[in-house]
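# Structure assessment
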Amino acid sequence: MYDSIAQQLLPIEAAILDALNMVPSASKALDTLIDNLEPTGARIAYRFGSRLRAGEMFGDRDLNDLESLLQPVLAEIEAGWVSEVIADEHCPGGAWINKRLTNRAAELNRTVEPLVALQRCLQLIQNLRRADRITRRVIAETQT
């Protein structure tokens, strides 16, 4: 049923529906993440979390808050990549390199996945709103 309804929606309506469907998992991820944030980030998280739970996270400020929350966490995840040289007698070079995340970085990555997906969705909504404004302005200019 959801697929048939989503096919009848405008792109912005479908993106908003997707964002609303992400609220439970994003809210749970935010609750888990708050413990790992510094005080400033925690304040932003509480503020964003209340708007998220109310389904009122579609403004530019919401996207900015979410990006501010995720930026240090994503940087920590990126810093968590380690390279390991694996000796292998069957490898033509004698060894191969395995890149992986540390356990902490992998856990953070799993935690923030719903928030990153929500961020992409909110960015899409913002871009669709911007495209609508530009389209309306271009149409108005061509009619005058």
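Residues numbered from 1 in each chain as written. Predicted model: local features only at pLDDT ≥ 70, side-chain atom pairs only at ≥ 80, totals over all residues. Heavy atoms only, no water.

The first and last C-alpha atoms of helix α4 (residues 60-79) sit 28 Å apart over 20 residues, in line with the 28 Å expected at 1.5 Å per residue. In α4, a bend of some 30 degrees at L70 exceeds every other bend along the element, and P72, a proline, comes one to four places later. Buried within α4 are the following residues: D62, L63, D65, L66, L69, L70, V73 and I77. Where the residues of α4 are buried, they touch α2 (11-34), α3 (39-53), β1 (81-87), β2 (95-101) and α5 (103-143). (Helix = DSSP H or I, 4+ residues; strand = E, 2+ residues; numbered from the N terminus. Expected span 1.5 Å × (residues − 1). Bend = angle between axes of the 7 residues up to and from the residue. Buried < 20%, exposed > 50% of the residue type's maximum accessible area, 1.4 Å probe, protein only. Contact = heavy atoms within 4.5 Å.)

Right, let's talk about the packing of α4 against α5 for a bit. At a closest axis distance of 9 Å, the pairing of α4 and α5 adopts a crossing angle of 150 degrees. Here α4 is positioned roughly antiparallel relative to α5, judged by the angle of their axes. Like other packed secondary-structure pairs, α4 and α5 cross with a definite hand, here left-handed. Partitioning the contact of α4 with α5 into residue classes produces 13 nonpolar, four polar and five charged. (Axes fitted to C-alpha atoms, helices over the stretch in contact; angles between N-to-C directions. Parallel < 35°, antiparallel > 145°, perpendicular 65-115°, else oblique. Left-handed = near helix turned anticlockwise from the far one by under 90°. Nonpolar A, V, L, I, M, F, W, Y, C, P; charged D, E, K, R; others polar.)

This brings us to the nonpolar core. Ranked by internal contacts, the top residues of the largest apolar core, which has 32 residues, are F48, L52, M57, L66, L69, L115 and L118. Counting only elements with at least two residues in this core, the list comes to α2, α3, α4 and α5. Not counting the four nearest positions on each side in its chain, L115 is found in contact with A26, A29, L30, L33, L66 and L70. (Core = buried A, V, L, I, M, F, W, Y, C linked by side-chain atoms within 4.5 Å.)

Counting through the fold element by element, P39 comes out in helix α3. You can call P39 exposed: its relative accessible area is 59%. Taking the C-alpha atoms as reference, P39 lies 26 Å from Q123; in sequence the two are 84 residues apart.

Within the structure shown, the criterion is met by 10 salt bridges. D65 is the salt-bridge partner of R47, the closest N and O atoms lying 3.4 Å from each other. With R47 in helix α3 and D65 in helix α4, this residue pair connects regions lying 18 residues apart in the sequence. The shortest N-O distance in the salt bridge between R137 and E141 comes to 4.0 Å. Of this pair, R137 and E141 both sit in helix α5, four residues apart, which is roughly one turn of that helix. (Salt bridge = Lys/Arg side-chain N within 4 Å of Asp/Glu carboxyl O.)

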